[in-house]
Amino acid sequence: MPERDEVDRIVEAWSRERPDLDFAPLHVFSRVDRLARHLDRARRDAFAAGDLEPWEFDVLSALRRAGRPYRLSPKALLQQTLVSSGTMTNRVDRLAARGLVERGTDPDDGRGVLVTMTAAGRERVDRAIRVLLEAETALLGALSAPERRRLAELLRSFALGFDA
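Residues numbered from 1 in each chain as written. Predicted model: local features only at pLDDT ≥ 70, side-chain atom pairs only at ≥ 80, totals over all residues. Heavy atoms only, no water.

An unreviewed UniProt entry lists the protein chain under the name MarR family transcriptional regulator, from Arenivirga flava.

This is the structure in structure tokens:
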């Protein structure tokens, strides 16, 4: 029998108190919630290693993934970070004030604006992603490589229903 965890104890107690309810969802979502808390802590620590806030990492990582010259339109940044236009404007302003991005005119459309990551922004996001991957690898340490792949496949299947 597998080792019991805190969720098993919680579900067992609820089942005893409310035998009329099916607590099966708690076996999944309580564990997801608990894991999300550990992941959030690891991510915050990784972002702090890059002297970044989580939202700064989101914007800078979108620019970094774009490849050289690490430049995107505000619209593309909106699509990748899922925030409102006003929020993105505020974020770009704050990143520019910290010297992590620059705004420039789109050479293909004189009315358009492009956001470009600076060398300082690249250095910070690269440091943060390295620390993040180390932390996330450690979090997955209890699983074998095949178990990690299977978990990733299950989560992808589950998440596709929300992304549609």
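Colleague: I'm lost on the pattern of salt bridges in this one. Help?
Modeller: Think of it this way: side chains of opposite charge can pair up when their charged atoms draw near. One pass over the full model with this rule turns up 18 salt bridges. The network of salt bridges with common partners includes Asp51, Glu56, Arg98 and Arg124. (Salt bridge = Lys/Arg side-chain N within 4 Å of Asp/Glu carboxyl O.)

Colleague: In this structure, what is going on with the side chain of Glu56? I would like to understand it.
Modeller: Note that Glu56 resides in helix α3 (residues 54-65). Non-local contacts of Glu56, meaning those with residues more than four positions away in its chain, are made with Asp51, Leu95 and Arg98. (Helix = DSSP H or I, 4+ residues; strand = E, 2+ residues; numbered from the N terminus. Contact = heavy atoms within 4.5 Å.)

Colleague: Hey, could you run me through the packing of aromatic side chains in this one?
Modeller: How two aromatic rings sit relative to each other is set out by the distance from centre to centre and by the angle between their planes. Overall, the coordinates contain 4 aromatic pairs when judged by the stated rule. Relative to Phe158, the ring of Phe29 lies with its centre 5.9 Å away and its plane at 45 degrees, an arrangement referred to as tilted. On the criterion of sequence distance, the pair formed by Phe29 in helix α2 (residues 24-49) and Phe158 in helix α7 (residues 145-163) is long-range, its members being 129 residues apart. The class of Phe29 is partly exposed, set by a relative accessible area of 45%. On the basis of an interplanar angle of 80 degrees and a centroid distance of 5.2 Å, the ring pair of Phe158 and Phe162 is categorised as edge-to-face. (Phe/Tyr/Trp six-rings, centres within 6.5 Å; stacked < 30°, edge-to-face > 60°. Buried < 20%, exposed > 50% of the residue type's maximum accessible area, 1.4 Å probe, protein only.)

Colleague: Just checking my understanding: could you explain the sheet that holds strand β1 (residues 71-72) for this structure?
Modeller: Within a sheet, each strand pairs with its neighbour through backbone hydrogen bonds, oriented either parallel or antiparallel. Ordered in space as β1-β3-β2, the 3 strands form an open sheet in which the pairing is antiparallel. Strands at the two margins of the open sheet, each flanked by one partner only, are β1 and β2 (101-106). By the bridge criterion, 2 bridges tie β1 to strand β3 (residues 109-117) in an arrangement that is antiparallel. Directly across from Arg71, in β3, lies its bridge partner Thr116. Of the strands in this sheet, β1, β2 and β3 touch α3, which is tilted by about 105 degrees from β3. (Pairing = 2+ DSSP bridges. Axes fitted to C-alpha atoms, helices over the stretch in contact; angles between N-to-C directions.)

Colleague: Got a minute to help me understand helix α1 (residues 6-17) in this structure?
Modeller: Structural remark: α-helix, 3.6 residues per turn; residues separated by three or four positions point the same way. Along its 12 residues, α1 runs 17 Å from first to last C-alpha, staying within 8% of the 16 Å computed at 1.5 Å per residue. Of the residues making up α1, those classed as buried are Val7, Asp8 and Val11. All buried residues of α1 project into a common sector of 100 degrees when viewed along the axis, lining one side. In α1, the exposed positions that point more than 90 degrees away from the buried face belong to Arg16 and Glu17. Buried residues in α1 make contact with α2. Capping the start of α1, Asp5 holds a side-chain oxygen 3.2 Å from the backbone nitrogen of Val7, two or three residues further along. (Expected span 1.5 Å × (residues − 1). Arc of directions from axis to C-beta. Polar contact = N/O pair within 3.5 Å; in protein donor to acceptor, adjacent residues only side chain to side chain.)

Colleague: I tried to follow the UniProt feature "domain: HTH marR-type" (unreviewed entry) in the protein chain on my own but got confused; where do I start?
Modeller: In the numbering adopted here, UniProt assigns the feature "domain: HTH marR-type" (unreviewed entry) to residues 25-160. Secondary structure content for residues 25-160 is 70% helix and 12% strand, and the end C-alpha separation is 18 Å. (UniProt positions renumbered as here; feature names shortened; annotations may be inferred.)

Colleague: Explanation requested: the nonpolar core in the structure shown.
Modeller: One recurring pattern in soluble globular proteins: nonpolar side chains tend to sit buried together. Core analysis: the biggest nonpolar cluster contains 23 residues, and Leu52, Phe57, Leu60, Leu63, Leu77, Leu95 and Val101 have the highest contact counts within it. Those elements that provide at least two residues to this core are α2, α3, α4 (74-81), α5 (85-97), β3 and α6 (119-139). It is α3 that provides the largest number of residues to this core, a total of 6 residues. If sequence neighbours within four positions are ignored, Leu63 has contacts with Tyr70, Arg71, Leu72, Leu77, Val101, Val115 and Met117. (Core = buried A, V, L, I, M, F, W, Y, C linked by side-chain atoms within 4.5 Å.)

Colleague: Would you explain a nonpolar patch on the surface in this entry?
Modeller: Taken together, Val28, Phe29, Val32, Phe158 and Phe162 make up a surface patch of nonpolar side chains, about 510 Å² in accessible area. Broken down by secondary-structure element, the contributors of at least two residues to the nonpolar patch are α2 and α7. Per element, the largest residue contribution to the nonpolar patch is 3 residues, and it comes from α2. Here Val32 lies in helix α2. (Patch = residues over 30% accessible without salt bridge, like charges linked within 9 Å, V, L, I, M, F, W, Y side chains within 5 Å. Areas by Shrake-Rupley, 256 points an atom, 1.4 Å probe, with all protein chains shown as cover.)

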